[in-house]
Amino acid sequence: MLTRRKILAAAAIVCTSAAINAGQIKVETADISLILDGEPGGKLDLCYFGEKLDDTAEFEYAWHITQPDTPEEYGTQLYPAYGGRFFLNPALKITHADGVMTTELVYQSHGQRAIDANRTETIVTLRDKLYDATVDLRFVAYNTENVITQEVTFGHNEPGEVTIENIASSYLTLKASNYYLTHFHGTWAREMQLVEECLTPGVKVIESKKGMRTTQSDNSAFMVSLNAPAQEYSGEVYAGALAWTGNYKMSFELDEAGLLHIIGGINPFASEIKLGAGEDFTTPAMVLTYSNQGRSSISHNLHDWTRRYNLAHGNEERPIVLNSWEGAYFTYDENVIKRMIDDAAEFGVEMFVLDDGWFGNKFPRNGDNAGLGDWQVNKKKLPHGIGALADYAVSKGLKFGIWIEPEMVNPDSELAHKHPEWIVRSGNRDLLPMRNQQLLDLTNPEVQDFVFGVFDGIMSMSPNISYVKWDANRHVDNAGSTYLAADRQSHFWYEYIKGLYSVYERIRQKYPDVEIQLCSAGGGRIDFGALKYHDEFWTSDNTNALDRLSIQYSTNLFFPAIATAAHVSTSPNHQTGMMLPLKFRFDVAMTGRLGMELQPSQLNGEEKEFASRAVVLYKQLRPVIQLGDLYRLDSPYDNDGWCANMYVTKNRGEAVVFAFSTTYHNRTQSYSIKLHGLDPDKHYLLEEVNTISGNSNYVGSGKVYSGEFLMKAGLLLPIGGAYTSMVLHLVEQ
Ligand code: GLA
């Protein structure tokens, strides 16, 4: 068997130098290069993925990832299938129509085109050596944002069905001495807990099998830092996140040669896909980025990309919201809600959102045990309907939003009695309730129509509805569908999410302007697949500001502040019982999309005054926080009892710094921080804002500092007490 090197050497004899490079494929952004090599009839190799590289001809003889004498069978393939002498976990495993279980993919062709000035699409087609089966690898390179997405389409013309057992969206091979994986573990009300670990030989897996609420126990986003734990402003870091709202699996396989293979895609668990001749199957996209300047640039890349390409209205400032949930739960009538709207208006809040509890008549939604599925306004609670409330909010200068959970049904509902066949079920097994509810089977087009109809019906209640909170409070167990054929039950996981996305598409086509919040019992569904159709997400049902610091820190590594709904709630906190100062609660919520979620009438005069001033301030700072660049100054995960971050406008002319003390230090300790992202040559007027009294006692406030001073010498902030915090506003002079 020829080694790859020998094949290339042989090719060099007969080709011109231009032709030698003809097999080299470059997928590039402003700062990143992904270099592939596909010789016709040979395997598609990954030569390089990292910092932008212009000199690539050397890859013909200088190897970057694998050893020069590595036999071709073991070489670094970009998309290895199970077959040949490939012994690691493959990117693709299929069974051919004749029962043969192996596949050997070779390069067939590729094409490249500019989608527009910022985006380039590259499609590389591989084919099986023997069978009429092809794999298209589709890359989109986003130049300015330094993001590359990859998705894969498999198709065949074999004389019978082919079974896909595993089809990854991407397969990346890295070479370093050590690999540090950052991933995000958690549960309800404790989402996105950052874990960083040094990978050891073997396979580390992060996955979800929850079906449609898949980011609650681990998010599908990850980072890998080479040779050392990830730093904020230095070091090589790779990041990936699957744009998919269903089951996923990310595996990190450290092999005997010290290479790390990262395989990411939909979870193959119980998910065989059967494809007839002429049919094809496309994976969700893996969103990839890289930086040699640490985590900070990774976040900038992803935030910019999200705002521009993967978030509804990504460059428009978000309104400040008062949500009714923690203030009223299920217990309200028209007067209670009107009073909340009055108070919201008084605070200067810009949107009122009516949460759960407004619907169901035969089975009124007075708790979580009834009514889901019956999306008619509860006449007893709201005799004048939603329209009257929406009009009332608008008359007070507020926008109006409303909560729905259209994928779900309570057994105690008219819908459950009318359409039991719409419920996800596994044959005749018992239905297992979760939060007293069942899941509707979105693989069924009738259910898709129903779910679209729920949204459409809600929107028709009033032209003054401008925001919808879409919730999903359970996940899949005992999966199965009465709609799918017996031999297609394993398509359930994939078809559910495709059904969901097709409903989202229809909604976005008809309602491009409405703001939609992505919610799933808090942050159970925060992924780039769903986010694309939404304006923001509900980050967590845990509104306790102290816990939010760590939840939001991790969430914002990937997802931007503009989409991070963060609400000030009451004290003691309803989830944790913890008591925190109102200022601390506001300061934490102001690092994201500020909102309030409490009964305003329970605030005393001083608190109301503070809240009103904070709302005015947030409106002023909002463009910096929501549209600027995030710089993390100090992590809440380092256990030193302090943390801080800051936002800087793109032109470096304005910044906002948030600093928190999360424990009692001691009387003599102050918090020393160095700022980031400023222009060293600019001078900034620094002012402490959001103080309790309205005035600052901080000696450093009201003074002018150079960017250089703030970034090199830094500041000493007098916050050593437990749950104290400071907000600093910097404006270029
Ligand atoms: C979920 C959401 C909450 C609230 C309730 C209503 O838990 O995350 O914000 O909307 O449902 O039932």
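Residues numbered from 1 in each chain as written. Predicted model: local features only at pLDDT ≥ 70, side-chain atom pairs only at ≥ 80, totals over all residues. Heavy atoms only, no water.

> What should I look at first to understand the nonpolar core in this one?
The nonpolar side chains of soluble globular proteins are, as a tendency, buried together. The biggest cluster of nonpolar side chains holds 192 residues, and the ones touching the most others in it are Tyr 79 and Trp 358. Among the elements that make up this core, the one with the highest residue count is helix α9 (residues 492–510) (10 residues). Composition of this core by domain shows at least three residues from each of domain 1 (3–175 + 245–286) and domain 2 (632–732). Once residues lying within four places of it in the same chain are set aside, the contact partners of Trp 358 are Tyr 332, Trp 375, Gln 376, Val 377, Asn 378, Leu 382, Ile 386, Ile 402, Trp 403, Ile 404, Ile 458 and Met 461. Counting 24 residues, the second-largest nonpolar core is a separate cluster that includes Tyr 631, Ala 655, Ala 659 and Leu 675. (Core = buried A, V, L, I, M, F, W, Y, C linked by side-chain atoms within 4.5 Å. Buried < 20%, exposed > 50% of the residue type's maximum accessible area, 1.4 Å probe, protein only. Helix = DSSP H or I, 4+ residues; strand = E, 2+ residues; numbered from the N terminus. Domains from an automatic or database assignment. Contact = heavy atoms within 4.5 Å.)

> Which parts of the structure should I look at to understand empty space enclosed by the protein?
The method is simple in principle: a probe with the dimensions of a water molecule rolls over the atoms, and the space it marks as empty is what remains. Enumeration over the complete set of coordinates arrives at 11 cavities of 30 Å³ or more. Reported here for the largest cavity is a volume of approximately 140 Å³. Broken down by secondary-structure element, the contributors of at least two residues to the lining of the largest cavity are α11 (545–558), β30 (629–634) and β31 (642–648). Ranked by residue count, the leading element in the lining of the largest cavity is α11, at five residues. Here the residues of the lining of the largest cavity sort into seven nonpolar, four polar and three charged. (1 Å grid on protein atoms, 1.4 Å probe; cavity = no way out; pocket = protein on both sides within 12 Å on 5 of 7 lines; lining within 4 Å. Points joined across faces, edges and corners; volume = space filled by probe spheres on them. Nonpolar A, V, L, I, M, F, W, Y, C, P; charged D, E, K, R; others polar.)

> What should I look at first to understand the domain arrangement of the protein in this one?
By a widespread convention, an interface's size corresponds to the accessible area lost as its parts come together. On domain assignment, one finds that the protein holds domain 1 (3–175 + 245–286) and domain 2 (632–732). One C-alpha centre belongs to domain 1, the other to domain 2, and the line joining them spans 46 Å.

> Help me understand the site of the ligand, please; the structure alone is not making it clear to me.
Within the structure, the ligand sits among 13 residues, and Asp 355, Asp 356, Lys 469, Asp 471 and Asp 541 are positioned closest to it. A distance of 2.6 Å separates an oxygen atom of the ligand from a polar side-chain atom of Asp 355. Between an oxygen atom of the ligand and a side-chain N or O atom of Asn 473, the distance comes to 3.2 Å. Considered on its own, the ligand offers 310 Å² of accessible surface; in the complex 97% of this is hidden by protein. (Near = heavy atom within 4 Å. Polar contact = N/O pair within 3.5 Å; in protein donor to acceptor, adjacent residues only side chain to side chain. Areas by Shrake-Rupley, 256 points an atom, 1.4 Å probe, with all protein chains shown as cover.)

> When you look at the packing of aromatic side chains in this model, what are you seeing that I'm missing?
For any two aromatic rings, the description comes down to two numbers: the centre-to-centre distance and the angle of the planes. Under the defined criterion, the tally for this structure stands at 40 aromatic pairs. Taking 5.5 Å as the distance between ring centres and 25 degrees as the angle between the ring planes, the aromatic pair formed by Trp 244 and Tyr 494 counts as stacked. Placement of the pair is Trp 244 in the loop between β14 (237–242) and β15 (248–254) and Tyr 494 in helix α9, with a sequence separation of 250 residues. Of the two residues, Trp 244 and Tyr 494, both sit in the buried class. (Phe/Tyr/Trp six-rings, centres within 6.5 Å; stacked < 30°, edge-to-face > 60°.)

> Just to check I follow, could you spell out the sheet that holds strand β27 (residues 536–538) for this structure?
The pairing of strands in a sheet comes from backbone hydrogen bonds and takes either a parallel or an antiparallel form. Spatial strand order, β20-β21-β22-β25-β26-β27-β28-β29: eight strands in a closed barrel with parallel pairing. Along the sheet, successive strands turn relative to each other by an average axial angle of 30 degrees, direction set aside. Bridging between strand β20 (residues 321–323) and strand β21 (residues 351–354) involves three bridges; their strand directions are parallel. The partner of Asn 323 across the bridge, within β21, is Val 353. In the packing of helix α6 (residues 385–395) onto the sheet, the strands contacted are β21, β22 (399–404) and β25 (465–470), and the crossing angle to β22 comes to about 145 degrees. Against the sheet, helix α12 (residues 582–589) makes contact with β28 (564–569) and β29 (593–597), and its axis sits at roughly 170 degrees relative to β28, the strand it touches most. (Pairing = 2+ DSSP bridges. Axes fitted to C-alpha atoms, helices over the stretch in contact; angles between N-to-C directions.)

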